[in-house]
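Chain by chain, the residues run as shown.
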Amino acid sequence: MNMSDPGLAETLVQALRRPDGSTDLRPVHSVGIGASGSFAASHVAANYCTATHFQGGQIPVSLRFSNGSGCAVAHDGWSDVRGMATRFHLPDGAATDLIAMTLPEFFAPTPETFLDFARAAAPAPFKTWSPWQKIRALLKLTIPMRDPYPGETIRPDEGAMRFADQNGYAQLGVFQAATIGAPESYVRASYHAVHTFIITAPDGTRRWVRFTWQPIAGVLNTNPLETPRDEYLQQELRQRLAKEPARFSLMMTIGETGDALDDPTRPWPPHRIRVMMGLLTIDRVAEDQITDSEKLSFNPCLLTDGIEASDDPILQIRKDVYETSSRLRDATPCPFAGG
Ligand code: HEM
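Note that this is a predicted model, so its numbers are computed, not measured. Numbers given for residues are sequential positions, taken from 1 along each chain in its written order. Only residues with pLDDT of at least 70 are given local features in this predicted model, and only at 80 or more are side-chain atom pairs given and counted; all residues enter the totals for whole chains, interfaces and linings. Side-chain descriptors were evaluated using all non-hydrogen atoms of the structure, hydrogens and water having been removed beforehand.

A. Just the coordination of the iron atom of the ligand, in detail. For Na, K and Ca the donor cut-off is 3.2 Å; for every other metal, N, O and S atoms count as donors within 2.8 Å. Water does not enter the count, which can leave sites looking incomplete. There is one protein donor for the iron atom of the ligand, namely Tyr 322 (OH), at 1.9 Å. Numbering of helices and strands starts at the N terminus; helices are DSSP runs of H or I of at least 4 residues and strands are runs of E of at least 2. Mapped onto the fold, Tyr 322 is located in helix α9 (residues 313-328).

B. Spatial organisation of empty space enclosed by the protein. Cavity means a closed set of points on a 1 Å grid over the protein atoms alone, one where a 1.4 Å probe fits but cannot get out, pocket means an open set with protein on both sides within 12 Å along at least 5 of 7 lines, and lining means a residue has an atom within 4 Å of a point. Grid points are joined across faces, edges and corners, and a volume is the space filled by probe spheres set on the points. Summed over the entire model, instances satisfying the criterion amount to one cavity of 30 Å³ or more. Here the largest cavity is characterised by a volume of approximately 80 Å³. Around the largest cavity, the lining residues are His 53, Phe 54, Phe 88, Thr 96, Asp 97, Leu 98, Phe 197, Phe 211, Leu 250, Leu 303 and Ile 307. Considering every element that reaches the lining of the largest cavity, the biggest residue donor is strand β4 (residues 95-101), with three residues. When residues are grouped by polarity, Ala, Val, Leu, Ile, Met, Phe, Trp, Tyr, Cys and Pro land in nonpolar, Asp, Glu, Lys and Arg in charged, and all others, Gly among them, in polar. Residue classes in the lining of the largest cavity are distributed as eight nonpolar, two polar and one charged.

C. Just a nonpolar patch on the surface, in detail. A surface patch of nonpolar side chains, about 410 Å² in accessible area, is lined by Trp 132, Ile 135 and Leu 139. Residue position: Trp 132 is located in helix α4 (residues 131-139). Residue classification places Trp 132 among the exposed residues on the basis of a relative accessible area of 67%. Only residues whose relative accessible area exceeds 30% and that take part in no salt bridge are eligible for patches, with like-charged residues grouped when within 9 Å of each other and nonpolar side chains (Val, Leu, Ile, Met, Phe, Trp, Tyr) grouped when within 5 Å. Accessible surface is estimated by sampling points in the Shrake-Rupley manner with a 1.4 Å probe; for residues, cover comes only from the protein chains shown. A pair is scored as a salt bridge if a Lys or Arg side-chain nitrogen falls within 4 Å of a carboxyl oxygen belonging to Asp or Glu. The cut-offs for exposure are 20% and 50% of the maximum accessible area for each residue type, with area from a 1.4 Å probe on protein chains only; residues under the lower value are buried, those over the upper are exposed, and the others partly exposed.

D. Structural view of the layout of surface pockets. Put simply, the second largest pocket is a space of about 320 Å³. If you trace the second largest pocket, you find 15 residues lining it, with Glu 105, His 192, Arg 210, Thr 212 and Thr 253 closest to the centre. In terms of residue count, strand β9 (residues 206-215) provides more of the lining of the second largest pocket than any other element does, four residues in total. Residue composition of the lining of the second largest pocket, by class: seven nonpolar, four polar and four charged.

E. Quick peek at the pairing of strand β1 (residues 32-41). Judged by how many residues are buried, β1 sits mostly within the fold: nine of ten residues are covered. Being paired, for any two strands, means DSSP has found at least two bridges between them. Across nine bridges, the pairing between β1 and strand β2 (residues 58-67) is antiparallel. For Ala 40, the partnering residue across the bridge sits in β2 and is Gln 58. When β1 meets strand β11 (residues 274-285), the two strands line up antiparallel, connected through seven bridges.

F. A look at the packing of aromatic side chains. Classification of ring pairs uses Phe, Tyr and Trp, with its six-membered ring standing for Trp, and accepts pairs whose centres are within 6.5 Å; under 30 degrees between planes counts as stacked, over 60 as edge-to-face, and the remaining range as tilted. Following the criterion strictly, the structure yields 18 aromatic pairs and no others. Ring plane angle 55° and centroid distance 5.5 Å describe the contact between Phe 106 and Phe 107, whose orientation is recorded as tilted. Among the aromatic residues, those joined into a ring-pair cluster are Phe 39, Phe 54, Phe 65, Phe 88, Tyr 186, Tyr 191, Phe 197, Phe 211, Trp 213 and Phe 248. Here Arg 155 stacks its cationic end above the ring of Phe 126, 3.8 Å away from the centre of that ring. We count a charge as sitting over a ring when the NZ of a lysine or the CZ of an arginine lies within 6 Å of the ring centre and within 35 degrees of the ring normal. The aromatic ring of Phe 336 is capped on one face by Lys 319, whose charged end is 4.7 Å from the ring centroid.

So, in structure tokens, the structure goes:
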């Protein structure tokens, strides 16, 4: 099934734009940094998947780490989702992408419901809660709205919360996003590809799987009680990689009968089998941040033989959404541009 709809894709891109964003940048994940390194498959990876990058050897990769917000100015210390987009450069000259974020589940199960969500959660002027409102929320065992960060005038939180109150599928994503915090480093966070993909083993067995990057350095957030710093993540990455590489393991969770195979809002039970598929080593920040970050276009549907997209309608529409967004911001053409 293919849910591609260029009209809806463009509507989604426009609905995501923020008043403090820039049409020259991505409408979300606007601030980011490009890097590069290599991926080495684990010894068992080839038993599960025939894709070239799981067969062994060192596969060169390009990456982009990002802040989830569509604000054009870096606010690294603000609580926000972070992104990690990875392109594997395959030996035959082709490529495949894996786009992941720090949120394990998404806000909506279909493009139409995500459009409703995006419109409801459009950033609005900040309303600071009075002490009484906060106490009342705590007495009701709910989390009070936080105070604005220095310089924060608009935010999507109230609209997102109201939407989640009325639409159960959004609750997990909204709750996790509201409490996610800020990482000490882009390489000290776990990143989830969220959707289900179908992989094929050498004996033809097809498995429904989800991928996650786990940082070898461990997960660490900043102290939420301290005043957030606006810009530190890019400098931290530069300084870290100048001293030593950063590493992530690629973990693959195998779904079972009854798991949500085409719904990115629903988690799988925690006791599913997990397989270590390989080790990513990031050794340098890209020299040309315009070409290798700002103008780069990733696409979650850029797959390769051995890995297929599931019927998840959000994954399906993302093919056109990312292509449209790439065109609108005049980026290096998306891999699907032109057909
Ligand atoms: C229908 C749902 C979604 C829409 C409409 C959407 C929209 C977008 C758009 C327009 C961009 C900018 C693309 C570009 O200009 O190159 C983007 C980037 C991104 N999105 Fe999504 N997105 C959706 C779902 C997701 C999901 C489920 C994830 C979780 C993995 C995700 C993670 C990211 C990341 C990490 C980036 C930054 C990629 C980069 O660095 O180039 N998005 N998204």
